[in-house]
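Coordinates in review
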Amino acid sequence: MLSRLRRLFSGAPAAAPRAAARAPAASAAASAASSASSGIGRRLGVPEPEGARDLVLYKFDACPFCARVQRVVAQLDLPVPMRDTRTDPGARTELTRRTGGAQVPCLFIDGQPLLESRDIITWLEAYAAA
Ligand SMILES: N[C@@H](CCC(=O)N[C@@H](CS)C(=O)NCC(=O)O)C(=O)O
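First things first, this report covers the structure right here in the doc. (Residues numbered from 1 in each chain as written. Predicted model: local features only at pLDDT ≥ 70, side-chain atom pairs only at ≥ 80, totals over all residues.)

1. Some thoughts on the overall build of the chain
A count of helical and extended segments in the chain gives seven helices and four strands. Looking at the chain as a whole, 20% of its 130 residues qualify as buried. (Helix = DSSP H or I, 4+ residues; strand = E, 2+ residues; numbered from the N terminus. Buried ≥ 20, exposed ≤ 12 C-beta atoms within 10 Å, placed from the backbone.)

2. Topic: the nonpolar core
In terms of nonpolar packing, the biggest core is built from 18 residues, with Y58, C106, L107, L114, I120 and W123 touching the most fellow members. Counting only elements with at least two residues in this core, the list comes to β1 (55–59), α5 (64–76), α6 (89–99), β3 (106–109) and α7 (117–129). If sequence neighbours within four positions are ignored, L114 has contacts with L44, V46, C106, L107, I109, D119, I120 and W123. (Core = buried A, V, L, I, M, F, W, Y, C linked by C-beta atoms within 7 Å. Contact = placed C-beta atoms within 7 Å.)

3. A few points about the sheet that holds strand β2 (residues 82–84)
Read from one edge to the other, the open sheet built from four strands follows the order β2-β1-β3-β4, with strand pairing classed as mixed. Looking at strand neighbours, the two that pair on one side only are β2 and β4 (112–115), the edges of this open sheet. Here the strands of the sheet are splayed against their neighbours by 25° on average, with no regard to which way each runs. (Pairing = 2+ DSSP bridges. Axes fitted to C-alpha atoms, helices over the stretch in contact; angles between N-to-C directions.)

4. Quick notes on the environment of P64
On the secondary structure map, P64 appears in helix α5. You can call P64 exposed: it has 7 C-beta atoms within 10 Å.

5. Here we look at the pairing of β1
Where a strand is regular, its side chains alternate between the two sheet faces. Summarising the sheet, β1 and β3 pair through four bridges and their orientation is antiparallel. When the sheet's bridge partners are listed, Y58 is paired in β3 with C106. As paired elements, β1 and β2 share three bridges and run parallel to each other. Along β2, the bridge assignment pairs L57 with M82. Each parallel crossover has a hand, and the one from β1 via α5 to β2 is right-handed. (Right-handed = clockwise from strand over helix to strand, strands pointing away.)

6. Regarding the packing of α5 against α7
Orientation of α5 relative to α7, taken along the N-to-C sense of each, is 5°, at an axis distance of 10 Å. If you check the angle between α5 and α7, you find them roughly parallel. Of α7, the residues touching α5 (which contributes F65, R68, V69, V72, V73 and L76) are S117, I120, I121, L124, E125 and A128. When its residues are assigned to classes, the contact of α5 with α7 shows nine nonpolar, one polar and two charged. (Parallel < 35°, antiparallel > 145°, perpendicular 65-115°, else oblique. Nonpolar A, V, L, I, M, F, W, Y, C, P; charged D, E, K, R; others polar.)

7. Some points on the pairing of β4
The sheet contact formed by β3 and β4 spans four bridges and is antiparallel. For C106, the partnering residue across the bridge sits in β4 and is L115. Adjacent in sequence and paired antiparallel, β3 and β4 are bridged by two residues, among which D110 carries a positive phi angle near 50°.

Here is the structure:
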């Protein structure tokens, strides 16, 4: 216990993480490169938010999560075609066939489904900024 406390207050172990944390920000080029290949797509299991992607948002109007995503789409002025799963039975059938459920919002990115409004918004914001 005492030796753990001594190690904790010696200052030596803390120095290395601080230096490591500073390193990525040291170069503007490295920072630009990392934002270009953000890795968001890999993390979310969909294509990266780069280039021109084929986007389709499945939603219905009474869904608050869909409304949140639709607000962001409008704010970012992105051309995202939408399909309403309440008014278009074909859309609901298609969504269920492709995702195994009827959860909305669902953004298809080059045919890959992305569920969860927060993830969709994160992806769209990165896409708009790319
Ligand atoms: N955590 C999800 C919640 C989405 C959600 O609950 N959507 C509802 C409509 S508001 C839904 O699709 N329910 C039908 C279903 O899950 O089959 C998100 O943030 O997108």
